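Below are the chains, spelled out letter by letter.
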Amino acid sequence: MARLQYNPCMTTRDSSPHVIVLGGGAAGFFAALACAQENPACRVMILERTTQVLAKVKISGGGRCNVTHACFDPAQLVTFYPRGGRALRGPFSRFQPQDTIDWFESRGVALKTEEDGRVFPTTDQSQTIIDCLMKEATRLKITIRTQTMVESVEKSTGGGFDLRLGQGDTLHADRVILATGSNPQGWQWAAALGHTLEPPVPSLFTFTVKDPRLEGLSGVSVPQASVAIAGMKLSQSGALLITHWGLSGPAVLKLSAWGARALHDLNYQARLLVNWLPDLRGDEVLERLRQLRTRQKLKKAPGDYSFGLPRRLWVRLAAVSGVLANKRWSEISNESLKKLAGELHEGVYLVSGKSVFKEEFVTCGGVRLDEMDFRTMESKRCPGLYIVGEALDIDGVTGGFNFQSAWTTGWLAGRAAASMR
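Below: a short report on this structure.

Thresholds applied
- Residues numbered from 1 in each chain as written.
- Predicted model: local features only at pLDDT ≥ 70, side-chain atom pairs only at ≥ 80, totals over all residues.
- Heavy atoms only, no water.
- Helix = DSSP H or I, 4+ residues; strand = E, 2+ residues; numbered from the N terminus.
- Buried < 20%, exposed > 50% of the residue type's maximum accessible area, 1.4 Å probe, protein only.
- Polar contact = N/O pair within 3.5 Å; in protein donor to acceptor, adjacent residues only side chain to side chain.
- Contact = heavy atoms within 4.5 Å.
- Axes fitted to C-alpha atoms, helices over the stretch in contact; angles between N-to-C directions.
- Left-handed = near helix turned anticlockwise from the far one by under 90°.
- Nonpolar A, V, L, I, M, F, W, Y, C, P; charged D, E, K, R; others polar.
- Phe/Tyr/Trp six-rings, centres within 6.5 Å; stacked < 30°, edge-to-face > 60°.
- Lys NZ or Arg CZ within 6 Å of the ring centre and 35° of its normal.

Considering the side chain of serine 256
So, point 1. One can find serine 256 in helix 8 (residues 250-258).
So, point 2. The exposure class of serine 256 is buried, given its relative accessible area of 0%.
So, point 3. Of note is the side chain of serine 256, whose polar atom sits 2.8 Å from the backbone oxygen of leucine 253.
So, point 4. In this view, serine 256 contacts Ser203, Leu204, Phe205, Phe207 and Leu263; residues no more than four positions away in its chain are not counted.

This is how it looks when you write it as structure tokens:
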């Protein structure tokens, strides 16, 4: 059966697309590809409200596109999702990171795995991924319409769905795949079709911290630190980066993801506990400082020994603790050593807000997961409606996990929607 490209002059249902994908991001685009691949007789159309599809793919990973993460055990993979991990266990057994890698590599995209497990194209260019997806869409004759505003999505009395467009056009589809990410309009359509929403709040963000201890240290990074929110059972570890606005890096990003709702409830005002030396206990840090004072009593503080921390950070923390450069170690008091040990092991920093991470916006919240069939991504409330990606109450930590849930849910939905039942 020959595939028909959409022509707005056509008005009969026979010429309408069988499947309309609302949203041209990673999840929606992959769903469209999976649908057309599974059933070449199925006419597939992507509707995107902005000027370009795959915009988030373009900026992800600092423009390199962190395609996925090299975690190939579904049971371990789900632990990287603050919300949705349990629901994704089954889907990941059907399409996981190795399947993503195989999919792109079989289409000519060479990928590489970095030391931390993140997977990127060897070109270090997100355009490589976009070009691959666009080429596949062309091969499969998928219709893509950008700058297309959809005003409503309703169940049709004759079956399927009627979509009213902002230009006054109407489209009919047998099935709809909702891939609108964190766009509130997509959630409104889902609610109108019978779904319940978990309130959306930001996830995966950095912390605004205005503190003299950090001033002038922008760019300083510690490979391994731990961070926690005082008074809560929220803690994470990993690399920690000082920025001109506060603190970032994997440790902070993971903490923001797992604590998304709690931090929202606090209006992003919190006491952050920073342990720059997570491999040592507090008493061990103090004892090493005392030994340092004994060994180097005639040398100027703070000296060359820095616990492996970047020197600028070490000097700053020593100075605010009273371990000054114009003093010998023998002149440093026990009180100053205790204060420095506290700064190193449990420094307290006041978080006064949040900042978006590298222009990438991830949301906690969306369509409730118990209203979905995760074997197919079809709605239990509205047959023929499939919901994928961030439109669901699913989000992962940084490292390629959000893209993987997008590829997986899109793949499942596309294959299921391809059925001509």
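On we go from here.
Looking at the packing of helix 1 (residues 26-38) against helix 13 (residues 401-417)
So, point 1. Two numbers describe how helix 1 lies on helix 13: the axes approach to 7 Å, and their chain directions differ by 35°. Every pair of crossing elements has a handedness; the one defined by helix 1 and helix 13 is right-handed. Residues Ala26, Ala27, Phe30, Ala31, Ala34, Cys35 and Glu38 of helix 1 form the contact with helix 13, whose participating residues are Phe403, Ala406, Trp407, Gly410, Trp411, Gly414, Arg415 and Ala417.
So, point 2. A class-by-class count of the residues in the contact of helix 1 with helix 13 yields 11 nonpolar, two polar and two charged.

Considerations on the packing of aromatic side chains
So, point 1. Inspection of every chain in the model, using the stated rule, returns 14 aromatic pairs.
So, point 2. Relative to tyrosine 268, the ring of phenylalanine 205 has its centre 5.3 Å away and its plane inclined at 90°; by these criteria the two rings are edge-to-face. Of this pair, phenylalanine 205 sits in strand 12 (residues 205-208) while tyrosine 268 sits in the loop between helix 9 (260-265) and strand 16 (270-275), placing them 63 residues apart in sequence. Summarising the burial analysis for this pair, phenylalanine 205 and tyrosine 268 share the class buried.
So, point 3. One aromatic cluster is present, formed by Phe30, Phe95, Trp103, Phe104, Phe403, Trp407 and Trp411 through successive ring pairs.
So, point 4. Across the ring face of tyrosine 349, the terminal group of arginine 213 is positioned such that the distance to the ring centre comes to 3.8 Å.
So, point 5. A cation sits over an aromatic face here: lysine 354 above tyrosine 268, 5.3 Å from the ring centre.

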